[in-house]
Amino acid sequence: MTGRARISPVRRSTLGDDVYEAIKTLVMEHTLAPGDRVNIDALARELEVSPTPVREALARLESDGLVRKRALAGYTVSPLLSKREFIDMFDMRLVLEGTSARWAAERADDATRDAIVAETEQAAPLDGPAPGDRASYATFTALDARFHDLVASAADNPLLRDGITRLHAHLHLHRLYFPYAKSGATGDEHRRIAAAIRAADPDAAEAAMRAHLVEGRKRHLVAFD
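Treat the numbers as computed from the prediction; the structure is a model and nothing was measured.

Conventions adopted
Per chain, residues are indexed from 1 in the order of the written sequence. Reporting in this predicted model follows two pLDDT cut-offs: at least 70 for local features of residues, and 80 or more for side-chain atom pairs to be given and counted; totals over whole chains, interfaces and linings ignore these cut-offs and use all residues. Working from all heavy atoms in the structure, the side-chain values ignore hydrogens and water. Centres within 6.5 Å make a pair out of two Phe, Tyr or Trp rings, where for Trp the six-membered ring is used; the pair is then stacked when the planes are under 30 degrees apart, edge-to-face when over 60, and tilted otherwise. Secondary structure elements follow DSSP: runs of H or I no shorter than four residues count as helices, runs of E no shorter than two count as strands, and numbering proceeds from the N terminus. Categorising residues by exposure relies on relative accessible area from a 1.4 Å probe, with only protein chains included: less than 20% of the type maximum marks a residue as buried, more than 50% marks it as exposed, and the intermediate range marks it as partly exposed. Only the stretch in contact is used when fitting a helix axis, every axis being a line fitted to C-alpha atoms; angles between N-to-C directions are given from 0 to 180 degrees. Should an angle fall under 35 degrees it is taken as roughly parallel, and over 145 as roughly antiparallel, whereas 65 to 115 is taken as roughly perpendicular and any remaining angle as oblique. Should the near helix be turned counterclockwise from the far one by less than a right angle, the crossing is left-handed, whereas a clockwise turn marks it as right-handed. Contacts: residue pairs with any heavy atoms within 4.5 Å of one another. Gly is put with the polar residues, along with every residue not named as nonpolar or charged; the nonpolar set is Ala, Val, Leu, Ile, Met, Phe, Trp, Tyr, Cys and Pro, and the charged set is Asp, Glu, Lys and Arg. This arc is built from the directions going out from the helix axis to the C-beta atoms. Polar contact is defined as a pair of N or O atoms within 3.5 Å, subject to the rule that within protein one atom must be able to donate a hydrogen and the other to accept it, and that residues adjacent in sequence are counted only when both atoms are side-chain atoms. Put simply, a nonpolar core is a bunch of buried Ala, Val, Leu, Ile, Met, Phe, Trp, Tyr and Cys residues held in one set by side-chain atoms that sit within 4.5 Å of each other. A residue's pLDDT is the predictor's confidence in that residue, given on a scale from 0 to 100.

### Digging into the packing of aromatic side chains
For step 1, the next point in the chain: Applying the stated criterion across every chain, the model contains two aromatic pairs.
For step 2, the next point in the chain: Seen in terms of ring centroids, F86 and F90 are 5.4 Å apart; in terms of plane orientation they differ by 45°. Their pairing is tilted. Separated by four residues within a single helix, F86 and F90 lie in helix α4 (residues 83-107), roughly one turn from each other. Here F86 matches F90 in class, with each residue buried.
For step 3, the next point in the chain: Judged by centre distance (5.2 Å) and plane angle (55°), the ring pair of F86 and F224 falls under tilted. Taken together, the residues F86 in helix α4 and F224 in the segment after α9 (202-221) connect sequence positions 138 residues apart.
For step 4, the next point in the chain: Ring pairing ties together the aromatic residues F86, F90 and F224, which thus form one cluster.

### Focus: unusual backbone geometry
For step 1, the next point in the chain: For E48, which is not glycine, the phi dihedral falls at a positive 60°.
For step 2, the next point in the chain: Mapped onto the elements of the fold, E48 is located in the loop between α2 (40-47) and α3 (51-64).
For step 3, the next point in the chain: Classification of E48 as exposed rests on a relative accessible area of 72%.
For step 4, the next point in the chain: With a phi close to 55°, A200 is a non-glycine residue in the positive phi region.
For step 5, the next point in the chain: Along the polypeptide, A200 turns up in the loop between α8 (186-198) and α9.
For step 6, the next point in the chain: The class for A200 is partly exposed, based on a relative accessible area of 40%.

### Things to note about the packing of α8 against α9
For step 1, the next point in the chain: The N-to-C vectors of α8 and α9 enclose an angle of 165°; their axes lie 8 Å apart at closest approach. When the axis of α8 is compared with that of α9, the two are roughly antiparallel. In the crossing of α8 with α9, the sense of the turn from one axis to the other is left-handed. On the side of α8, the interface is formed by T186, E189, H190, R192, I193, A196 and I197, while α9 contributes A204, A205, A208, M209, H212, E215 and R219.
For step 2, the next point in the chain: Considering only residue class, the contact of α8 with α9 consists of seven nonpolar, three polar and four charged.

### Structural notes on α2
For step 1, the next point in the chain: Along α2, the residues that are buried comprise I40, L43 and A44. For α2, the angular spread of buried residues about the axis comes to 100°, placing them on one side. Every exposed residue of α2 that faces more than 90 degrees away from the buried side is listed here: R45 and E46.
For step 2, the next point in the chain: Residue N39 occupies the N-cap position of α2, its side-chain oxygen lying 3.2 Å from the main-chain nitrogen of D41.
For step 3, the next point in the chain: Positive backbone phi, at 60°, marks E48, one or two positions downstream of α2.

### A word on the nonpolar core
For step 1, the next point in the chain: F86, M89, I116, V151 and I197 are the most contacted members of the largest nonpolar core, which has 31 residues in total.
For step 2, the next point in the chain: Listing elements by their share of this core, those giving two or more residues are α4, α5 (110-122), α6 (134-154), α7 (158-173), α8 and α9.
For step 3, the next point in the chain: No other element matches the nine residues that α4 contributes to this core.
For step 4, the next point in the chain: Each residue touching V151, except ones within four places of it in the same chain, is listed here: S100, A101, A104, I116, I197 and M209.
For step 5, the next point in the chain: Within the second largest apolar cluster, 22 residues are counted, among which are L32, I40, V49 and L58.

### Section: the confidence of the model for the protein chain
For step 1, the next point in the chain: Looking at the protein chain, pLDDT values average 85 and 83% of them are 70 or higher.
For step 2, the next point in the chain: Note that pLDDT drops below 50 for residues 4-12; the model gives that stretch one contact with residues more than four away or on any other chain.

### Points about the environment of F86
For step 1, the next point in the chain: Looking at F86, the relative accessible area reads 1%, which means it is buried.
For step 2, the next point in the chain: Residues F86 and L171, 85 residues apart in the sequence, show an inter-C-alpha distance of 8.1 Å.
For step 3, the next point in the chain: In contact with F86, not counting residues within four places along its chain, are L81, L171, H174, H220, L221 and F224.

Take a look at the structure:
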């Protein structure tokens, strides 16, 4: 009886992830602006890949809600959220991220707690990006996303973390229209959340996160006026 041939482990290529991140960046930076049609062949040429990983990346971005696919029309970049949709998105963040802060305070180990606090202590741009400076604001939004992801990771629930990540993508699509001068309170709000997580105080952590999101929503809604 002939035995089965041994199957060697397949090493996962990063090509698909690289293409996904590259196209996502084009969307987030509005190089591919809301409403733009996505030309798969042109993207493939620009990224020097075949159309296949581009299609796969677009399918992932569709599941993120960042692009839309229509029969016979292909992909287009999703439009910016309406004011009502933006409020609804923050309502979801209040539910998910309030819970993530609570669970982080309950479940995180000491090293993770220290890492969350350290993130707020070194993230000076969160105290206010330079008005009108898009590079400064890009740093601001990256640090903001990293802090929220650290908290979500500390909650130790991958599905919760994934949901938060998807919501953040829609928030950051709006950042080019965000009033730069009104973001300076973010650093202090993050520090209050981090202090409550370090103190293993789930009630305080959830309350601080919810307060941060309520104030953040107020700051962002100015952009709709």
